[in-house]
Amino acid sequence: MAEVDIRSDALNRVVTVRLLTPRDWVPRSGRTWPTLYLLHGGDDGPECWTEKTDIGVRARAADVLVVLPPAGRAGFYTDWLEPDSHGTTPAWERFHTHELRELVEREFGGGDRRAVAGVSMGGYGAVVYAAKHPGMFVAAASYSGLLQTTRFGRAAVLRLWLRNVGERVGNMWGPRWRNRRVWRANDPYWLADQLVSTPLYLAAGDGTRTPGDPPADGERMIEKLTTPTTRALVRRLADLGHPAMWTSFGPGTHAWPYWQRELDRSWAFLRTALTEREIGFVGS
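Notes on the structure in this doc start here. Bear in mind that the values here come from a model prediction, so they are computed numbers and not experimental data. In this convention, every chain numbers its residues from 1, walking through the sequence in written order. Side-chain atom pairs in this predicted model are given and counted only at pLDDT of 80 or more, local residue features only at pLDDT of at least 70, and totals for whole chains, interfaces and linings cover all residues. Note that water and hydrogens are dropped before the side-chain values are worked out from all heavy atoms of the structure.

1. Looking at the overall build of the protein chain
Piece 1. The number of helices and strands found in the protein chain is nine helices and eight strands.
Piece 2. Put simply, the radius of gyration uses C-alpha atoms, and a globule should come to 2.2 Å times the residue count raised to 0.38. Since a compact globule built from 284 residues should have a radius of gyration of about 19 Å, the 18 Å found for the protein chain is in line with a globular shape.
Piece 3. Each of the three principal axes of the protein chain carries a C-alpha extent, and together these read 50 × 45 × 40 Å.
Piece 4. In the protein chain, buried positions account for 58% of the 284 residues.
Piece 5. By the convention used here, residues are in contact when the closest approach between their heavy atoms is within 4.5 Å. Restricting to contacts in the protein chain with at least 6 residues of sequence separation, those with at least 24 account for 74%.
Piece 6. Method for areas: the Shrake-Rupley scheme with a 1.4 Å probe, in which residue coverage is limited to the protein chains shown. When the accessible surface of the protein chain is split by element, carbon and sulfur atoms take 49% of a total near 12,300 Å². Starting at the N terminus, helices and strands are each numbered in turn, a helix being any DSSP run of H or I of at least four residues and a strand any DSSP run of E of at least two. Think of it in three bands: with a 1.4 Å probe and only protein chains considered, a residue is buried below 20% of the maximum accessible area for its type, exposed above 50%, and partly exposed in between.

2. Digging into the pairing of strand 2 (residues 13-20)
Piece 1. Across the eight residues that make up strand 2, a large majority, six, are buried.
Piece 2. The hairpin formed by strand 1 (residues 2-8) and strand 2 contains four residues between the paired strands, and Asn 12 there has a positive phi angle of roughly 60°.
Piece 3. Strands are labelled as partners when DSSP assigns at least two bridges between them. Relative to strand 4 (residues 65-68), strand 2 is paired through three bridges, and the arrangement is antiparallel. When the bridges of strand 4 are listed, Leu 20 appears paired with Val 66.

3. A short note on the side chain of Thr 150
Piece 1. Relative to the helices and strands, Thr 150 resides in the loop between strand 6 (139-143) and helix 5 (154-164).
Piece 2. Given the relative accessible area of 15%, Thr 150 is considered buried.
Piece 3. What Thr 150 contacts, discounting residues up to four positions off in sequence, is Arg 176, Trp 183, Arg 184, Asp 187 and Trp 190.

4. Quick notes on the pairing of strand 3 (residues 33-39)
Piece 1. Judged by how many residues are buried, strand 3 sits mostly within the fold: seven of seven residues are covered.
Piece 2. Bridge count for strand 3 against strand 5 (residues 110-119) is six bridges, and the pairing is parallel. Each residue of the ladder has a partner; that of Leu 38, found in strand 5, is Ala 117.
Piece 3. Sheet analysis places strand 3 next to strand 4, joined by three bridges and oriented parallel. By the bridge assignment, Thr 35 is partnered in strand 4 with Leu 65.

5. What about the pattern of salt bridges?
Piece 1. For salt bridges, the criterion is a side-chain nitrogen of Lys or Arg within 4 Å of an Asp or Glu carboxyl oxygen. Scanning all chains against the criterion turns up 14 salt bridges.
Piece 2. Between Arg 18 and Glu 3 there is a salt bridge, with its nearest N and O atoms 2.9 Å apart. Residue Arg 18 is located in strand 2, and its partner Glu 3 is located in strand 1; the two are separated by 15 residues in the primary sequence.
Piece 3. Judged by relative accessible area, Arg 18 falls into the buried class, the value being 18%.

6. Brief notes about the nonpolar core
Piece 1. Membership of the largest hydrophobic core comes to 57 residues, with the highest contact counts inside it found for Phe 95, Leu 158 and Leu 202.
Piece 2. Considering each element in turn, this core owes the most residues, eight residues, to helix 4 (residues 121-132).
Piece 3. When neighbours within four sequence positions are excluded, Leu 158 is seen to be in contact with Phe 76, Leu 146, Val 169, Met 172, Trp 173 and Trp 183.
Piece 4. We define a nonpolar core as any set of buried Ala, Val, Leu, Ile, Met, Phe, Trp, Tyr and Cys residues linked to one another through side-chain atoms lying within 4.5 Å. Ile 55, Trp 246, Trp 259 and Leu 270 belong to the second largest nonpolar core, which has 30 residues in total.

7. Here's the deal with the sheet that holds strand 1
Piece 1. The eight strands lie next to each other as 1-2-4-3-5-6-7-8, forming an open sheet whose pairing is mixed. Here the strands that pair on one side only, and so sit at the sheet edges, are strand 1 and strand 8 (245-250). Adjacent strand axes in the sheet meet at a mean angle of 20°, parallel and antiparallel pairs treated alike.
Piece 2. This element, helix 4, spans strand 3, strand 5, strand 6 and strand 7 (200-205) of the sheet and lies at about 140° to strand 5. Note on geometry: axes are lines fitted to C-alpha atoms, helical ones only across the stretch in contact, with angles between N-to-C directions running from 0 to 180 degrees.

8. A look at the packing of aromatic side chains
The description of two aromatic rings rests on the distance between their centres and on the angle between their planes.
Piece 1. Working definition: a ring pair exists when centres of Phe, Tyr or Trp rings (six-membered ring for Trp) sit within 6.5 Å. Plane angles under 30 degrees give stacked, over 60 give edge-to-face, the rest tilted. Within this structure, the stated rule accounts for 14 aromatic pairs.
Piece 2. When the ring of Tyr 77 is compared with that of Tyr 129, the centres are 5.9 Å apart and the planes differ by 80°; the resulting orientation is edge-to-face. On the criterion of sequence distance, the pair formed by Tyr 77 in the loop between strand 4 and helix 3 (92-107) and Tyr 129 in helix 4 is long-range, its members being 52 residues apart. The pair formed by Tyr 77 and Tyr 129 is uniform in burial state, with each residue classed as buried.
Piece 3. Through pairs of rings, three or more aromatic residues link up here, namely Phe 76, Tyr 124, Trp 161, Trp 173 and Trp 183.
Piece 4. Whether a charge sits over a ring depends on NZ of Lys or CZ of Arg being within 6 Å of the ring centre and within 35 degrees of the ring normal. In this structure, Arg 176 packs its charged tip against the face of Trp 177, placed 4.6 Å from the ring centre.
Piece 5. The ring centre of Tyr 189 lies 5.0 Å from the NZ or CZ of Arg 236, which sits over that ring.

9. Here's the deal with helix 8 (residues 219-239)
Piece 1. Helix span, as expected, comes to 1.5 Å for every residue beyond the first. Taking 1.5 Å of rise per residue, 21 residues should cover 30 Å, and helix 8 covers 30 Å from first to last C-alpha, within 8% of that figure.
Piece 2. All of the buried residues in helix 8 are Glu 219, Glu 223, Thr 226, Thr 227, Thr 229, Thr 230, Ala 232, Leu 233, Val 234 and Leu 237.
Piece 3. Two residues or fewer past helix 8, Gly 241 is found with a positive phi of approximately 75°.

See below:
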């Protein structure tokens, strides 16, 4: 594993990015590797993936480069309109999809076959990035993502959650009714037609904890709030005739034991997308 400190113009701050490097990896060697971007959830950081999952072992066995970027406690993978609690106006989308991507590919062996996946806030980020940048990612996966941000009641949930971590949703996208265009432009549900060419894996639980899983704060309630948004996007994509969509619904809560199981289930999907040219079936 390597850590890289980056002075970002898009964020106007210094952030640290983690890299899980493939076998025989040497920076600036001229060799490139398939690259998986893994996005963390709210009130968390890049280290969650290595602390809570077995991604290090998986990535090394698959011989892919894994990028674990920060996104702030509540950056929500978007370019903010006003300053956040750091006092600067972060452009998280620009940082991830331009600054960081270009740096990884110029300096650290990132190839042009990229996939993106994330949990919770990061699941939203993975899908919205795939929608806003068609062709940038060969596949995207969301585990418990909030995938319909303008759904009834979800704006209020988002507002309360940002407030709880010291941020204001108005600084991110502005007041919802005054800035409806901005909110809709950042809602995966309304960007669905821009996803039909990207293979997707969309997972969400039913709020039921699997026996043996340790309890976590809010795990059941949060999952029951987010799961309908994933189902809504799945239905919309099906109506649009999405040709390569995997879905996983069943027991699960908004917590890492469930997300590790979904990483298990989706790993072949991600690995195939990164290392082969075709993904050949639709699953459920």
